[in-house]
Amino acid sequence: VAQKVLAAFIFVRLKYQKNYSTTETSISVTPDVLCKNIIELVINDSEGGKVAQAVVAGLVDVFAGESRVDSGRINDPSRHYPGDVCIRSAKNESIIEKAFEVRDKPVRLSDIHIFGKKCIEMNVKEAAVVMVAALQERIDTDKVTAWASNLGIGMTLFHGWNEFVEQVLFWSESCKPDAAILAARQIEKRLIQVEASESAVTYWQKLITQSQKS
């Protein structure tokens, strides 16, 4: 009976599994074009935050290394880390060094406080909130920094994609042009990993191959 149930599960899984195609041509994306493409991708369809999360994970891969970056499915009850994207220690993978919360809807100060407290509960000392909603109001960074310092953690706020992309490419081991190309590749991989729609993956591929021709 158990074998029949397992076989039925596999059949259903394969039946509804997405069939992604991957970009096989070379990509030439400048840092500026990369950021514009990201904005266009997320605006086209955020898919409940899934697309923005995949983009952040792909960007973090560029400077931290894919093997150290965790990014699970949205609202996955089995997740055991505080943020949407986390970086594990290179020396001890059980330790989370940094946690990123990704929001494509307006963030309030109370949202940051909730995230910060969750990081404290899970012993994560460095956190960041990537706020990419078009209507996001500026949040007092000094006030957030002081609040976080009193709790013994670091909290960084990124207002919009430009700030985040600029920092990621700067801290990459590769030069910015090479890092931008790697980011385009990793974002594609992360979109597939979080099971974004096939249309989202195809749209991203279209953007990065058009960049090559423009």
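All of these numbers come straight from a predicted model, not from anything done at the bench.

**Student:** Requested: an account of the overall build of the protein chain, with residues and values cited.
**Tutor:** Of regular secondary structure, the protein chain possesses eight helices and five strands. Put simply, the protein chain runs from its N terminus to its C terminus through helices and strands in the order α-α-α-β-β-β-α-β-α-β-α-α-α. Considering only residue pairs separated by 6 or more positions, the protein chain has 69% of its internal contacts joining residues 24 or more positions apart. With an accessible surface of roughly 12,100 Å², the protein chain has 53% of that area assigned to carbon and sulfur atoms.

**Student:** How would you explain the packing of helix H3 (residues 50–64) against helix H6 (residues 161–171) if you had to name every residue and give the values?
**Tutor:** To characterise two packed helices, one gives the angle between the axes of the helices and the distance between these axes. Relative orientation of the contacting elements H3 and H6 amounts to 25 degrees, with a least axis distance of 7 Å. One finds that H3 runs roughly parallel with respect to H6. Here H3 and H6 pass one another in a crossing that is left-handed. When H3 is examined against H6, the residues Ala52, Val55, Val56, Leu59, Val60, Val62 and Phe63 are found in contact with a partner set consisting of Trp161, Phe164, Val165, Val168 and Trp171. Each residue belonging to the contact of H3 with H6 can be placed in one class, and the counts come to twelve nonpolar, no polar and no charged.

**Student:** Report on the pattern of salt bridges, specifying residues and quantitative values.
**Tutor:** Per the counting criterion, the structure on display carries nine salt bridges. With its nearest N and O atoms 2.4 Å apart, the salt bridge here joins Arg88 to Asp70. A residue pair is termed long-range when its members are at least 10 positions apart, and Arg88 in strand E2 (residues 85–88) and Asp70 in strand E1 (residues 69–70) qualify at 18 residues. Of the charged contacts in the structure, one is a salt bridge between Arg138 and Glu163, with a shortest N-O distance of 3.6 Å. Of this pair, Arg138 sits in the loop between strand E4 (126–131) and helix H5 (141–151) while Glu163 sits in helix H6, and the two are 25 residues apart along the sequence. A residue is classified by how much of its surface remains accessible, and Arg138, at 61% relative accessible area, is exposed. Here the salt bridges do not stand alone but share partners, grouping Glu101, Arg103, Arg108 and Asp111 into one network.

**Student:** Explain the pairing of E2 residue by residue, including any values.
**Tutor:** One face of the sheet, then the other: side chains in a regular strand alternate in exactly this way. Judged from the two bridges that link them, E1 and E2 form a sheet pairing that is antiparallel. The partner of Val69 across the bridge, within E2, is Ile87. In this sheet, strand E3 (residues 96–103) lies alongside E2 in antiparallel orientation, the contact comprising four bridges. Across the sheet, Cys86 pairs through a bridge with Ala99, a residue of E3.

**Student:** Tell me what's going on with the sheet that holds E2, and back it up with residues and numbers.
**Tutor:** Taken in spatial order, the five strands line up as E1-E2-E3-E4-E5 in an open sheet, and their pairing is mixed. Strand pairing shows two members of the sheet lacking a second neighbour, E1 and strand E5 (154–159), which therefore form its edges. The sheet contact formed by E4 and E5 spans six bridges and is parallel. Paired with Val130 across the bridge in E5 is Phe158.

**Student:** Could you give me a rundown of unusual backbone geometry, with the residues and numbers involved?
**Tutor:** Phi angles above zero are rare outside glycine, and Glu47 is one such case at about 55 degrees. With respect to the secondary-structure elements, Glu47 resides in the loop between helix H2 (31–44) and H3.

**Student:** Talk me through the confidence of the model for the protein chain; I want residue IDs and the actual numbers.
**Tutor:** One rule of thumb: low pLDDT means the predicted coordinates there are not for detailed reading. A residue-level look at the protein chain finds 83% of positions with pLDDT of 70 or above and a mean pLDDT of 88. Within the protein chain, the lowest mean pLDDT, 44, falls on helix H1 (residues 2–16), and the highest, 98, falls on E4. Here residues 4–16 is modelled with pLDDT under 50, and outside its nearest four sequence neighbours on either side it reaches two contacts, counting other chains as well.

**Student:** Before we move on, could you go through the nonpolar core and cite the residues and values that matter?
**Tutor:** Counting residues in hydrophobic clusters, the biggest one holds 45 residues, and the most contacted among them are Leu34, Ile38, Leu59, Trp161 and Trp204. Of all elements in the fold, only H2, H3, E2, E3, E4, H6, helix H7 (176–193) and helix H8 (198–213) reach the threshold of two or more residues within this core. Sorting elements by how many residues they give to this core places H3 first, with ten residues. Once residues within four sequence positions are removed from consideration, Trp204 is found in contact with Leu34, Asn37, Ile38, Leu41, Ala184, Ile187, Glu188 and Leu191. Ranked by size, the runner-up nonpolar core spans 19 residues in total, among them Val107, Val124, Val129 and Val144.

**Student:** Can you break down the state of the cysteines residue by residue, with the values?
**Tutor:** Every disulfide links exactly two cysteines, by a covalent bond between their sulfur atoms. As enumerated under the stated definition, the model contains zero disulfides in all. Cys119 provides the cysteine sulfur closest to Cys86, a residue in no disulfide bond, and the two sulfurs are 7.5 Å apart. Accessibility expressed as a relative area gives 0% for Cys86, which makes it buried. Taking the relative accessible area as the measure of exposure, Cys119 reaches 0% and is therefore buried.

Rules and cut-offs
The numbers attached to residues start from 1 for each chain and follow its sequence in the written order. Only residues with pLDDT of at least 70 get local features here, since the model is predicted, and only at 80 or more are side-chain atom pairs given and counted; chain-wide, interface and lining totals rely on the full set of residues. For the side-chain quantities, the full set of heavy atoms in the structure was used; hydrogens and water were omitted. Each helix is a run of DSSP H or I of at least 4 residues and each strand a run of E of at least 2, with the numbering of both proceeding from the N terminus. Two residues form a contact once any of their heavy atoms are found within 4.5 Å. Surface accessibility in these figures is a Shrake-Rupley result with a 1.4 Å probe; residues are shielded only by whichever protein chains are displayed. Axes, fitted as lines to C-alpha atoms, cover a helix only where it is in contact. Angles between the N-to-C directions of the axes lie from 0 to 180 degrees. Note that the term roughly parallel is reserved for angles under 35 degrees, roughly antiparallel for angles over 145, roughly perpendicular for angles of 65 to 115, and oblique for everything else. Left-handed describes a crossing whose near helix is turned anticlockwise from the far helix through less than a right angle; right-handed describes the clockwise counterpart. In this count, Pro and Cys sit with the nonpolar residues alongside Ala, Val, Leu, Ile, Met, Phe, Trp and Tyr, while Asp, Glu, Lys and Arg are called charged and the others, Gly among them, polar. Whenever a carboxyl oxygen of Asp or Glu lies within 4 Å of a side-chain nitrogen of Lys or Arg, that contact is scored as a salt bridge. Exposed residues in this analysis have more than 50% of their type's maximum accessible area, buried residues have under 20%, and partly exposed residues fall in between, with area computed by a 1.4 Å probe over protein chains only. Pairs of strands are assigned from DSSP output, requiring at least two bridges between the strands. Per-residue confidence from the prediction method is given by pLDDT, with values spanning 0 to 100. The criterion is simple. A nonpolar core is a set of buried Ala, Val, Leu, Ile, Met, Phe, Trp, Tyr and Cys residues joined through side-chain atoms within 4.5 Å. Two cysteine sulfur atoms make up a disulfide if the distance between them is within 2.5 Å.

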